[in-house]
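The chain contents come next:
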Amino acid sequence: MSEGIRPLMTTSDKPEFDLVLLGATGFTGRLVAEYLLSRHGAGGDLRWALAGRSEDKLKAVRDELGPGGEALPLLTADSHDRASLDALCARTAAICSTVGPYALHGSELVAACAASGTDYCDLTGEVPWMRRMLDAHQDQARASGARLVHCCGFDSIPSDLGVAFLQRAAMDKLGQPLTRIRMGVERMRGTMSGGTAASMINIIEETRKDSSVARIAKNPYALCPENAREGVRQPYVKGPEFDEALDSWLSPFVMAAINTRIVHRSHALQGHPWGSDFHYDEAMMTGRGFAGRRRAWGWSLALGGFALGASLKPTRSLMASRFLPKPGEGPSAEQREKGFYRLLFDGNTADGQRLRARVTGDRDPGYGSTAKMLGEAAYTLATDLPRDAVPGGFWTPSTALGERLETRLTKHAGLTFKLVN
Ligand SMILES: NC(=O)c1ccc[n+]([C@@H]2O[C@H](COP(=O)([O-])OP(=O)(O)OC[C@H]3O[C@@H](n4cnc5c(N)ncnc54)[C@H](OP(=O)(O)O)[C@@H]3O)[C@@H](O)[C@H]2O)c1
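What comes next concerns the included structure.

Attention shifts here to the packing of helix α7 (residues 157-173) against helix α10 (residues 256-269). Packing of α7 against α10 brings their axes to within 9 Å, and their N-to-C directions diverge by 40°. With respect to α10, the axis of α7 lies oblique. Crossing of α7 over α10 shows right-handed handedness. For the pair α7 and α10, the contacting residues are S159, D160 and V163 in the first and N259, I262, V263 and S266 in the second. For the contact of α7 with α10, the residue count by class is three nonpolar, three polar and one charged.

Taken in spatial order, the seven strands line up as β8-β9-β10-β7-β11-β12-β14 in an open sheet, and their pairing is mixed. The sheet is open, and its two borders are formed by β8 (241-243) and β14 (416-420), each paired with just one other strand. The average undirected angle you get between the axes of adjacent strands in this sheet is 35°. Relative to strand β10 (residues 279-287), strand β7 (residues 178-189) runs parallel, the two being bridged by six bridges. Bridging from a neighbouring strand, I181 pairs with Y280 of β10. On the sheet, helix α14 (residues 365-383) packs against β7 and β11 (340-349) and is oriented at approximately 75° with respect to β11.

Next up on the list: the site of the ligand. Of all residues adjacent to the ligand, which total 30 residues, the nearest are T25, T28, R53, S193 and S199. Within the contact set of the ligand, an oxygen atom lies 3.3 Å away from a backbone nitrogen or oxygen of G23. The separation between an oxygen atom of the ligand and a polar main-chain atom of G26 is 2.8 Å. Notes on the ligand: free accessible area 940 Å², of which the protein chains cover 92%. Listing elements by their share of the shell around the ligand, those giving two or more residues are α1 (27-40), α4 (102-105), α8 (194-209) and α14. Along the lines of polarity and charge, the residues of the shell around the ligand split into nine nonpolar, 17 polar and four charged. Both domains that furnish three or more residues to the shell around the ligand are identified here as domain 1 (11-153 + 368-409) and domain 2 (157-366).

With that settled, consider the environment of L301. Tracing the backbone shows L301 in helix α11 (residues 289-311). What makes L301 exposed here is its relative accessible area of 58%. Along the chain, L301 and P252 lie 49 residues apart, while their C-alpha atoms are 9.8 Å from each other.

Before going further, it helps to examine the nonpolar core. Within soluble globular proteins, side chains that are nonpolar generally end up buried alongside one another. Residues L19, L22, L50 and F345 are the most contacted members of the largest nonpolar core, which totals 103 residues. For this core, the element with the highest residue contribution is α14, accounting for nine residues. Counting only domains with at least three residues in this core, you end up with domain 1 (11-153 + 368-409) and domain 2 (157-366). Filtering out sequence-adjacent residues up to four positions away, L22 remains in contact with A51, G52, A77, L85, L88, I95, C96, S97, T98, V99 and L109. Grouped together as the second largest cluster of nonpolar side chains are seven residues, I201, F306, M319 and L324 included.

Parameters and conventions
- Residues numbered from 1 in each chain as written.
- Predicted model: local features only at pLDDT ≥ 70, side-chain atom pairs only at ≥ 80, totals over all residues.
- Heavy atoms only, no water.
- Axes fitted to C-alpha atoms, helices over the stretch in contact; angles between N-to-C directions.
- Helix = DSSP H or I, 4+ residues; strand = E, 2+ residues; numbered from the N terminus.
- Parallel < 35°, antiparallel > 145°, perpendicular 65-115°, else oblique.
- Left-handed = near helix turned anticlockwise from the far one by under 90°.
- Contact = heavy atoms within 4.5 Å.
- Nonpolar A, V, L, I, M, F, W, Y, C, P; charged D, E, K, R; others polar.
- Pairing = 2+ DSSP bridges.
- Near = heavy atom within 4 Å.
- Polar contact = N/O pair within 3.5 Å; in protein donor to acceptor, adjacent residues only side chain to side chain.
- Areas by Shrake-Rupley, 256 points an atom, 1.4 Å probe, with all protein chains shown as cover.
- Domains from an automatic or database assignment.
- Buried < 20%, exposed > 50% of the residue type's maximum accessible area, 1.4 Å probe, protein only.
- Core = buried A, V, L, I, M, F, W, Y, C linked by side-chain atoms within 4.5 Å.

In structure tokens form, the structure reads like this:
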């Protein structure tokens, strides 16, 4: 794999910054900035800067960050101005972007990073867009040495690292991989931001307009390398159903269509160590009995209603103007503080042995916890990822950042990864 790896930098050609946070003026970007400042200060072990398209807005964000923040450098770049993105890449080893919807505002930055050898991570959950980026820039990223890691938030770090954790434990305790894993969301409290609402609506619009995009969105192997985009039929919870293994009623989980694609990409990038018949799916667990069944129906209908409303132009406009948060808006500090999530991973080996793990997070999944996950992922990418271990190309959180990230998440970011009975 030595071909195409960017040579190690000497001290003299070390860029000015380890990390630039682009999108620092957005709802999630501000939270990531707050987190990075609380962990690393300004001008400390991490040489980092805030970036965005408006200097005035950046100054206002820096002022709001409070003590220590005043020392943070501010850089301006517009995600549709390639020259400004190239200039940004020239000054930093890594860029963390919270500029979304990524399909609308993220492509030129990925191109600039792939061309310049700048490492990159983001919060996208937009599968068709990730596939376009992968197909367009994988060869160039390999040649330049840029490591690109999408999905470094609630989608898909807990799922991707949770599966990796359970598979490691299976090899350790059972001497064989798990060929079937179900992830059930046991409990979760959180809500969405304007940027996430806009990204979800944009995916629904794209898949309605173009059948080839819809085919990509439906393929569980859509993000796998080109020679691995087919495989065994994958399970998929479409509506309310009872699951014996999880002993619970289930309803569809909105992030499953993203997380399952990342887990399958991680599997493929490692050469399919869990077997060619590895099955993985995700669902919301709503409990047992009549109450569990009623909740499963309720969730399923609500999700179906959202998808239907977002797919029809008049209701989509109404939802966007009346019911959904606007760009820059999101859950309050109190809502983020009170939020949490608890995910159960239930696995079986080919000969029927069972192993379970639980992954938990201590803030609302989409923002409080996501900001910490992205901050730790960006720090790991920028400062602690040897190029001989992870060469240039598109990776997933578990295959690029793996146990280094898991350790930081448990130590600093309120996540736990534990085996359970
Ligand atoms: N995976 C996850 O778990 C997860 C969690 C949270 C969010 N997200 C995703 O993260 C993204 C951001 O969400 P959000 O709620 O933070 O959105 P937001 O508040 O609307 O923020 C968007 C940011 O993008 C910037 N931006 C827009 N156009 C730009 C351009 N041409 N050049 C430079 N910057 C530009 C905005 O700058 P201005 O301030 O100048 O407008 C703002 O900083 C969304 O795609 C969302 O889906 C994912």
